[in-house]
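# Reading the structure
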Amino acid sequence: MTMLNKTSGNEVTKARPNVLFVTVDQWPGGLLGCAGHPVIETPTLDHLASIGRRFTNATSECPICIPARRSIMTGTSPRRHGDRTFQPSLPMSKELPTLAETYRRNGYQTQAIGKLHVYPQRDRIGFDDALLAEEGRGALGGVDDYELFLADKGYAGQQFLHGMSNNEYSWRTWHLPEELHVTNWTTWAAARSIKRRDPTRPALWHVSYTPPHPPLIPLASYLERYRARDIDEPYAGDWASEPESLPYPLKLARDYWPQLPAAQLADMRRAFYALCTHIDHQLRVLIGTLREEQVLDNTIILITSDHGDMLGNHGFYAKRLMYQNSANVPMILVGTADDGVVGNGVVDHRLVGLQDIMPTLLDLCGLPVPETCEGWSMISSRKRETFYAEALSGAKAMRMIRDGRHKLIWYPAGSRFQLFDLCEDPHELHDLSASADHREIFKSLQERLRGELYGDDLLAVDGSDFVGLAVPSSPILQNRGLSGQRGLHYPAPPLQDPSVVVGGV
């Protein structure tokens, strides 16, 4: 049902569309049935792609949780919003209008449900209200609504008694009743928000699921779906076969997570895929609620992730890296029922990023885009020639630039490069940086990369020369905290220094 606004006389104008903006955490862009994945079940996302537009080359500007979410919420690059390293105590810049703030100033009701990952935790960053599930970060200050929900149900402080870490790859099934799973709670809270909307104003609902980010604790019923089927094996590039020859940041990543035996790795992937399919099915509840509330036809839907996960490919786990499984993200956009712009079943190969979400949604709603936004509307005719991404700083830094076909990665420590042909080699198995046949594209992307560098990166260049940084000889740090393992949360843990990074390499 399309909502109409009456005006003076006999004129009738269409109401501004609602927006359902869904983010998931740590979901690789290729982990979709519609992307050709041989195992994963994503029927809802596949269907949404068939009635909308899927962007195959969507990349996280900084494939780390907090910096990526800053880009999403401000429409800016890490250079503009000031975080490419993960700064948990850095507040959102007050000089950059947020997505929620911009919608609210234009008459929208705005609600956030799930993970915001901002500081202070109860900062609404422009939303009218926020119901938070922050993965057990109460020790940073602030009330977690999901933990309150568990307490109300008689399970105070028991969210993490499954024993799995938020940053590791062991797994087990969910330990509490099914309806208490954070994915179910997020859906329930979001559906209630839709039903409790003000019917006189359009709405922006930002629904942010914390899985499939570890802890890997799928419902038993979803893990069972994958038990009887073969799981795709991880792939490894020829450049990854000798760990000691890897660039310094890759050595750190390789050493941080233990290499899982084949059977355990397959089960870990089953658990990860189960978390994804669970979310996919829960999205149907949100769509069903919109339909029954008779606002689905006038609602724009956008679904993405902050970054991906290596899932054992090339011997790596988690995010931060510039390879496709870490940096490439899902990006599915569905217009309103009478949309004439987004299209149906469109597969769009342009280079887009998280900074493009804010201007795209505002564009579709006919709202002005703040001048601070650096992103471009993904439904405009404007297209990039190259896309730049970055993560971490100093010796841990990784920088990437790509065009429609080739990707160049630079590691300042030791000034190491990798070049991949993503059309011929989508899994990045063969490093072409030393190939004479690819010298021209290598130098061209190097020149483009040089133009993107700023800050302490400039210490690693001399004019157009990439001189690099010294490679540290620091020993491997002891992982005494099991990558940020959570414990019993009742009574609540004492407050901790919010600037301390927990669970990182």
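The structure we're discussing is the one just above.
Presented here is an overview of the structure given in this document. This is a predicted model, so every value here is computed, not measured. (Residues numbered from 1 in each chain as written. Predicted model: local features only at pLDDT ≥ 70, side-chain atom pairs only at ≥ 80, totals over all residues. Heavy atoms only, no water.)

### Quick notes on the overall build of the protein chain
A tally of helices and strands in the protein chain yields twelve helices and 16 strands. For the protein chain, the C-alpha radius of gyration of 22 Å lies close to 23 Å, the compact-globule estimate for 505 residues. Across its three principal axes, the protein chain shows a C-alpha extent of roughly 70 × 50 × 45 Å. Split into buried and exposed, the 505 residues of the protein chain put 59% on the buried side. (Helix = DSSP H or I, 4+ residues; strand = E, 2+ residues; numbered from the N terminus. Rg over C-alpha atoms; globule rule 2.2 N^0.38 Å. Buried < 20%, exposed > 50% of the residue type's maximum accessible area, 1.4 Å probe, protein only.)

### Section: unusual backbone geometry
Of note, the bond from Y119 into P120 is cis; its omega dihedral lies within 30 degrees of zero at -5 degrees. Tracing the chain through its elements places P120 in the loop between β5 (109–114) and β6 (129–132). Here the amide bond leading from P211 into P212 is cis, since omega sits at 5 degrees, within 30 degrees of zero. Following the sequence through the fold, P212 ends up in strand β7 (residues 203–212).

### A few points about the sheet that holds strand β8 (residues 299–305)
If you trace the eight strands from one edge of the open sheet to the other, you get β6-β5-β7-β3-β8-β9-β4-β10, paired in mixed fashion. Only two strands of the sheet have a single partner each, and these edge strands are β6 and β10 (346–353). Here the strands of the sheet are splayed against their neighbours by 15 degrees on average, with no regard to which way each runs. The sheet strands contacting helix α2 (residues 65–74) are β3 (18–25) and β7, and the helix crosses β3 at an angle near 165 degrees. Here helix α9 (residues 262–292) sits on the sheet in contact with β3, β7 and β8, set at roughly 160 degrees to β7. (Pairing = 2+ DSSP bridges. Axes fitted to C-alpha atoms, helices over the stretch in contact; angles between N-to-C directions. Contact = heavy atoms within 4.5 Å.)

### Overview of the side chain of H117
Along the chain, H117 turns up in the loop between β5 and β6. Side chain to side chain, H117 and R137 meet in a polar contact 3.3 Å long. Not counting residues up to four positions away in its chain, the partners in contact with H117 are C65, I66, R69, F86, E134 and R137. (Polar contact = N/O pair within 3.5 Å; in protein donor to acceptor, adjacent residues only side chain to side chain.)

### Let's talk about the packing of aromatic side chains
Tallied over the full model, the rule gives 17 aromatic pairs. Consider the rings of W239 and F316, whose centres lie 6.5 Å apart with planes at 20 degrees: the pair is stacked. With W239 in the loop between α7 (220–227) and α8 (248–256) and F316 in the loop between β8 and α10 (324–327), this residue pair connects regions lying 77 residues apart in the sequence. This pair shows no difference in class: W239 is buried, exactly as F316 is. Judged by centre distance (4.9 Å) and plane angle (80 degrees), the ring pair of W410 and F466 falls under edge-to-face. One end of the pair, W410, is in strand β13 (residues 406–411); the other, F466, is in strand β16 (residues 465–466), and 56 residues separate them in sequence. Across the pair, exposure class does not vary: W410 and F466 are buried alike. Chaining the aromatic ring pairs together yields one cluster made of Y146, F149, W185 and W188. Directly above the aromatic system of F316 lies the positively charged group of R254, at a separation of 4.9 Å from the ring centroid. In this structure, R486 packs its charged tip against the face of F160, placed 6.0 Å from the ring centre. (Phe/Tyr/Trp six-rings, centres within 6.5 Å; stacked < 30°, edge-to-face > 60°. Lys NZ or Arg CZ within 6 Å of the ring centre and 35° of its normal.)

### Observations regarding the state of the cysteines
Tallied over the full model, the rule gives zero disulfides. C34 takes part in no disulfide bond, and the closest cysteine sulfur to it belongs to C276, at a distance of 13 Å. When its relative accessible area of 26% is taken as the criterion, C34 is described as partly exposed. Take C62: it sits in no disulfide, and the sulfur closest to it among the cysteines is that of C65, at 9.9 Å. Judged by relative accessible area, C62 falls into the buried class, the value being 1%. (Disulfide = S-S within 2.5 Å.)

### So, the pairing of strand β14 (residues 416–421)
Counting buried positions along β14 gives five out of six residues, so the element sits mostly inside the fold. In the sheet, β13 pairs with β14 via six bridges, with the strands oriented antiparallel. For K407, the partnering residue across the bridge sits in β14 and is F420. Counted between consecutive antiparallel strands, the loop separating β13 from β14 contains four residues, among which G414 sits at a positive phi close to 85 degrees.

### As for the sheet that holds strand β12 (residues 398–402)
Taken together, four strands build an open sheet; the order of strands is β11-β12-β13-β14 and the sheet is antiparallel. Each end of this open sheet is capped by a strand with a single partner; those strands are β11 (387–391) and β14. Neighbour to neighbour, the strand axes of the sheet diverge by 15 degrees on average, direction disregarded. In terms of strand pairing, β11 meets β12 through five bridges, oriented antiparallel. Note that in β12 the partner of A391 across the bridge is M398.

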